[in-house]
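Here is what each chain is made of, one letter per residue.
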Amino acid sequence: MRLRSAVWVAPWRLMELLGKEFLARCNTLISILAILWATVGLSLRRSSWTSPVRTIFARQLLFTAVDAVPVALRFGAAGGVLVIAQAAMWSDSMGGDSEVIVPLIWRAIIRELAPLLACLVVIGRSGIAIATELSLMYVHGEIEVLDAQGIDPMTCLVMPRILSMIISVFCLAIIVATSMLLTGYLIGWSMGTIRFSARDFSSDVLRQFDAQDLLFFVPKTIVAGAFAGAICCIDGLSIRGSSTDVPRVAARSGIRALTAVFAVSAVLSILIYNRFLIFDIR
Amino acid sequence: MNATKTSDPLAESSATPCVFRLRRVTLNGKASHGLPVHEVQLTAAAGSLTLIQHERSHRTREFASLLQGLVRPTSGEVLFDEQTWTDSDYSRHFQMRSRIGRVFDGPAWIQNANMMENVTLASRHHGSDSKEARSRMRDWIQRFDIADVSRERPAFVEPALLQIYQWIRALIHRPALLILERPMQLVSTRMLPKLIDATNDLRRDGGCVLWMTNTPIDTLNADVRIQVQGRQWIYIDGGQCDE
C-alpha cells in the first residue's frame, strides 16, 4: 500500500520541484529585466546625472574598461594564436588557402569569440568586484546611509555600474578581436603556419567585414554586458547576513553572470542565425 | 553662525508649521534593543528642539529610519512636512529625505570615498555646486575647530573626529529636520556648547531638531523633553500631541 502511494506521489513531487525551479528562474529573469528597464529609464533622465553620479560612472568605467585593456590584449593574443594557428594547420591539411581561412577566422572571432572573451574579462575583473563591493556596502549599512540622505541607490550605485559594464564589454570586445587577429597572424606567420603576406591578410579581413557582422557583434556585447552587470548588482544587493557571507555571494554572482553570458550568447545566435544547430527553425 | 540668541525659537514654535508628526505610531522593529515605540504621538514644529532621553541599552537607528520613511511603522502614521511616506512616489521621498540631516548612532560612512566626498555627497547630489559645498565644509571645520581630514578615507580617521564630521554632514545643507542620535557618544564634552550653538542657529533659521541621548543634557533648551523608560514614553516638558 505504502509502495503504491509512493509510486503515485513521486512523479507529482518531481513535477512540483520542476515547477518551482521553473518559476524561480522566471522570477530571476523578470528581476534582471526590471533592473535593466529601470537602468535605461534612469540613464535617459537628465536629472539622474548629478555630479556624484557622473564621478561614480567615470571611476567605474576607468576600472572596468580602461584598466582592463592590458588583460583584454593578453586574452586576445592567446586566443588569437590558438585560433589562427589551428585554422591555418587545418586548412593546410585540407589544401585550402587564405580565401578559405580568413572568412572562417573572421566570423568565429567577431561573432562568437571576441564578445565571449570580453565578457570573461569584465566579469572576472569587475563583475565579481561589483558584487563584493555592493554586498559589503549593504552589510555595513552604507546603502541605508545613502537612502537616508535622499540619494537613490539605484541611480547612484546600480545604474552607473550596469552602463559601464555594457560599454566596457563592447569596447573590450573590439580590442580583443583586434588583438586576436594581429597576434594570431604574427605568430602564425613567424612559425610558418601562415604563408600569405600581411597585406593579403589585412585586405582579406577588411573585405570580410559586412553589416551582418554588426548584427551579431553589437547585440551580443550589449545584451551580455547588461545581463552580467544586472546579475552582479542584484546579487550584491540581495545579501542577507554578515560580511562572512560576502565571498559566497561574490563567487555565486560570478558563476551566475558567466552562465547568463553563455545563455544569452546561445539564444542570440539561435535568434540571429534562425536555426538551432543544423535545424532551421522557421 | 552666531552663537548668541537673537530670538527664542521656543516662543515662535507654536505659530510655526509642523515639521514632523507621529500619529499613534507603533513599531515592532527587527532590532531587539531598539527604542520601544508603542502608540507614540509626537509633533515637532519648525524652530523647536525635542529631546528624547532613552535608556543606555536602547538603539535609536530604527526609530530614526522610521522618521525618514526608511522603515514602515507597524501601525499609525508618520508625516514629514505634512506629507506621508506611505505612497509610492519615491522621487518625492528622496526629495523629502534630502531636507533631513541625520547623525547616525554608529558608523555611517561610504568607505570607498574620502571625507570631503562623503560630507558633500548629498549636497552635490541635490544640486549644490561642488566648490560651494567644499567651502561650506571648510567653514564648519573652522567653526568646530577640528583637524581637516578631507582627503582621508573614513577608515583612517579616529572615531571622535568621524562623529564631528557626521555633525557637519548633517548640518551642511541647512536641513528642515535634524535628527541627532547620541551625537556626543564618542566626542569630548567640551564640544557640546559648539553643537548646541549650531543647533540653535539651525532652529533660528526654521529648522527643527530631534536630539536622542542616553545621558541627561541640562544645558539644552528643549521645547519637548521625553524620557523613555522601559516601554513608556514620559513627557516631562511640552505636550504629547496636538490631536
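Conventions adopted
- Residues numbered from 1 in each chain as written.
- Chains lettered and ligands numbered in written order.
- Predicted model: local features only at pLDDT ≥ 70, side-chain atom pairs only at ≥ 80, totals over all residues.
- Heavy atoms only, no water.
- Helix = DSSP H or I, 4+ residues; strand = E, 2+ residues; numbered from the N terminus.
- Rg over C-alpha atoms; globule rule 2.2 N^0.38 Å.
- Buried < 20%, exposed > 50% of the residue type's maximum accessible area, 1.4 Å probe, protein only.
- Contact = heavy atoms within 4.5 Å.
- Areas by Shrake-Rupley, 256 points an atom, 1.4 Å probe, with all protein chains shown as cover.
- Buried area = accessible area lost by both parts, 1.4 Å probe.
- Salt bridge = Lys/Arg side-chain N within 4 Å of Asp/Glu carboxyl O.
- Polar contact = N/O pair within 3.5 Å; in protein donor to acceptor, adjacent residues only side chain to side chain.
- Nonpolar A, V, L, I, M, F, W, Y, C, P; charged D, E, K, R; others polar.
- Phe/Tyr/Trp six-rings, centres within 6.5 Å; stacked < 30°, edge-to-face > 60°.
- 1 Å grid on protein atoms, 1.4 Å probe; cavity = no way out; pocket = protein on both sides within 12 Å on 5 of 7 lines; lining within 4 Å.
- Points joined across faces, edges and corners; volume = space filled by probe spheres on them.

Draft legend 1. Spotlight on the overall build of chain B. Helix and strand counts for chain B come out as seven helices and 10 strands. What you see for chain B is a C-alpha radius of gyration of 17 Å, in line with the 18 Å of a compact globule of 243 residues. For chain B, the spread of C-alpha atoms along the principal axes amounts to about 45 × 40 × 35 Å. Expressed as a percentage of its 243 residues, the buried residues of chain B come to 56%. Pairs at least 24 apart in sequence give 71% of the contacts found in chain B among residues at least 6 apart. Roughly 10,900 Å² of accessible area belongs to chain B as shown, and the carbon and sulfur atoms make up 48% of that amount.

Draft legend 2. The arrangement of the interface of chain A and chain B in detail. If you look at the interface, chain A gives 19 residues, while chain B gives 24 residues. Each partner contributes to the roughly 1,900 Å² buried at the junction of chain A and chain B, and carbon and sulfur atoms together form 56% of this total. The interface formed by chain A and chain B includes three salt bridges. One salt bridge in this structure joins Arg97(B) and Asp147(A), with 3.9 Å as the shortest N-O distance. At the boundary of chain A and chain B, one finds 10 residue pairs in polar contact (both at pLDDT 80 or more). Of all the secondary structure elements, the ones that give two or more residues to the side of chain A that touches chain B are helix 2 (51-66), helix 4 (98-139) and helix 5 (142-148) of chain A. At six residues, helix 5 of chain A tops the list of elements feeding residues into the side of chain A that touches chain B. Looking at the side of chain A that touches chain B residue by residue, the classes come out as eight nonpolar, five polar and six charged.

Draft legend 3. Focus on the packing of aromatic side chains. A complete count under the given rule lists six aromatic pairs over all chains for this structure. Aromatic pair Trp49(A) and Phe57(A): ring centres 5.4 Å apart, planes at 70°, arrangement edge-to-face. For Phe57(A), a relative accessible area of 17% translates into the label buried. Taking the centre distance of 5.3 Å and the plane angle of 75° together, the rings of Phe144(B) and Trp167(B) count as edge-to-face. Taken together, the positions of Phe144(B) in helix 5 (residues 130-144) and Trp167(B) in helix 6 (residues 159-171) put the pair 23 residues apart, joining distant regions of the chain. Pair check on accessibility: Phe144(B) and Trp167(B) agree, each one buried. By way of ring pairs, the aromatic residues Trp140(B), Phe144(B) and Trp167(B) are connected into one cluster.

Draft legend 4. Expanded view of the environment of Ala108(B). Following the sequence through the fold, Ala108(B) ends up in the loop between strand 6 (100-103) and helix 4 (115-125). When the C-alpha atoms of Ala108(B) and Asn118(B) are compared, they prove to be 9.7 Å apart, with 10 residues separating the residues in sequence. The residues touching Ala108(B), leaving out its near neighbours within four places in the chain, are Val145(A), Gln166(B) and Arg169(B).

Draft legend 5. Representation of the layout of surface pockets. In this structure, the largest pocket encloses a volume near 1,000 Å³. Along its surface, the largest pocket is lined by 26 residues, and Tyr138(A), Gly141(A), Ile143(A), Glu144(A) and Lys30(B) are the ones closest to its centre. The class makeup of the residues in the lining of the largest pocket is 12 nonpolar, five polar and nine charged. Quantified by volume, the second largest pocket comes out at close to 580 Å³. Lining the second largest pocket are 26 residues, with Ile56(A), Arg59(A), Glu133(A), Arg161(A) and Asn112(B) sitting closest to its centre.

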